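# A structural walkthrough
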Amino acid sequence: FDDVHVNFTEEEWNLLNPSQKSLYKNVMLETYLNLKAIGYNWEEHHLEEHCQNNRSHERHKMTHTGEKPYECNQCGKAFAQLGTLQYHKRTHTGEKPYECNQCGKTFAQHIALQIHKRTHTGEKPYECNQCGKAFAYHSVLQRHKRTHTGEKPYECHQCGKAFTHCSSLQYHKRTHTGEK
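Note that the coordinates shown come from a computational prediction; the quantities given were computed from them, not determined experimentally. (Residues numbered from 1 in each chain as written. Predicted model: local features only at pLDDT ≥ 70, side-chain atom pairs only at ≥ 80, totals over all residues. Heavy atoms only, no water.)

## Thoughts on the overall build of the chain
Spelled out, the test is: Only runs of H or I of at least four residues qualify as helices and only runs of E of at least two qualify as strands under DSSP, and these elements are numbered from the N terminus. When a residue's accessible area, from a 1.4 Å probe over protein chains only, is under 20% of the maximum for its type it is buried; when over 50% it is exposed; and in between it is partly exposed. Only the protein chains shown count as cover for residues, with accessible areas throughout obtained via the Shrake-Rupley method and a probe of 1.4 Å.
Helix and strand counts for the chain come out as eight helices and eight strands. When each of the 180 residues of the chain is scored for burial, the buried share is 23%. Looking at the chain as shown, the accessible area adds up to about 12900 Å², and 47% of this sits on carbon and sulfur atoms.

## A short note on the side chain of H116
Selection rule: Contacts are residue-level and defined by heavy atoms, with any inter-residue pair within 4.5 Å sufficient.
By the secondary structure assignment, H116 is in helix α5 (residues 110-116). Judged by relative accessible area, H116 falls into the buried class, the value being 11%. Beyond its immediate chain neighbours, meaning those up to four positions away, H116 contacts C100, C103, K105 and F107.

## Remarks on the environment of S19
If you trace the backbone, S19 turns up in helix α2 (residues 18-37). Since its relative accessible area comes to 34%, S19 is described here as partly exposed. Sequence-wise, S19 and Q114 are 95 residues apart; in three dimensions their C-alpha atoms are separated by 9.9 Å.

## What to know about helix α4 (residues 82-93)
Residues spaced three or four apart along an α-helix point in a common direction, a consequence of the helix completing one turn every 3.6 residues. Note the following rule: A helix is expected to span 1.5 Å multiplied by its residue count minus one.
When the terminal C-alpha atoms of α4 are compared, their 17 Å separation across twelve residues agrees well with the 16 Å that a helix rising 1.5 Å per residue should span. All of the buried residues in α4 are L85, H88 and R90. Against the buried residues of α4 lie β1 (70-71), β2 (78-79) and β3 (98-99). Once α4 ends, the next one or two residues include G94, with phi positive near 80 degrees.

## Quick notes on the pattern of salt bridges
Worth spelling out the cut-off: Here, a salt bridge means any Lys or Arg side-chain nitrogen found within 4 Å of an Asp or Glu carboxyl oxygen.
Applying the stated criterion to the full structure yields two salt bridges. Across the salt bridge formed by E95 and R90, the nearest N and O atoms sit 3.8 Å from each other. E95 gets classed as partly exposed once you look at its relative accessible area, which sits at 41%. In this structure, E151 engages R146 in a salt bridge whose closest nitrogen and oxygen atoms are separated by 3.9 Å. Residue R146 is classed as buried on the basis of its relative accessible area, which comes to 15%.

## Thoughts on the nonpolar core
Basically, it comes down to this: We define the nonpolar core as a collection of buried residues of types Ala, Val, Leu, Ile, Met, Phe, Trp, Tyr and Cys that are connected through side-chain atoms lying within 4.5 Å of one another.
One finds F8, W13, L16, Y24 and M28 forming the largest nonpolar core, which totals five residues. Apart from the residues within four sequence positions on either side, L16 is in contact with F8 and K21.

## Structural notes on the confidence of the model for the chain
Selection criterion: The predictor reports its confidence for every residue as pLDDT, a score running from 0 up to 100.
The share of residues in the chain with pLDDT of 70 or more is 79%, and the mean pLDDT across the chain is 80. In this model residues 44-54 is a low-confidence stretch, pLDDT under 50, and it forms 18 contacts with partners more than four residues away in sequence or in other chains.

## Brief notes about the state of the cysteines
The line we're drawing: When two cysteine sulfur atoms are found within 2.5 Å, that pair is recorded as a disulfide.
Under the definition given, this model contains zero disulfides. C72 carries a free sulfur, and the closest cysteine sulfur to it, the one in C75, is 3.8 Å from it. Given the relative accessible area of 1%, C72 is considered buried. Looking at C100, it has no disulfide partner, and the nearest cysteine sulfur is the one in C103, 3.8 Å off. Its relative accessible area of 2% is what places C100 among the buried residues.

Right, dumping it as C-alpha cells:
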C-alpha cells in the first residue's frame, strides 16, 4: 500500500484535474481490492489517516459497514457510491462516453479508456519483480507470476489435474466431454 499511496494535501488535491483524480482513485481502488484479496489488514495501517476529508472518510467507512444507499431505479441493485451507481446505469443504457482519439473505440469507464490506450502507446507499467518482464495489464502480470511460483489455481473437478490459466482448464474439460 505504501508503495503506491500518495498522501495529497487538500491544496495539492485541488490542483489535480478531474482525469488525474479519477486515475488516482482507480489505482487506489485496484490496489485496495488486490491487497484485500490476499488478506491485507487495513486497520494496521490506519487507513482513515489517508482520507482527504470527511466525505471521503464516510465513503470509506461504507466499505466496511456494507451500507449501500444508492439504488438503481431500473433493476434495484444498490451501491455504496453515487459514481458507481452512475457507471452501473450505463449497463442499461449502453452509453459509452469515453472515446479513444486514435481508433475511435468507446468505453463506459474512463479507466477502461486509459488502459486501452496502452495498446497504442506500448506502455507496460506492471513489471515482474523476479525477472523484470513488463506487462500492459495487471492481470497478465499476476498470471505471469505463476510461472515463477508454480501455482495452478484452476483444477478439473473430474480428474484433479490443475492449470495456471482458466482457458487451459476449459480446453482440458473437452477431453472429458469429447467436444471439439
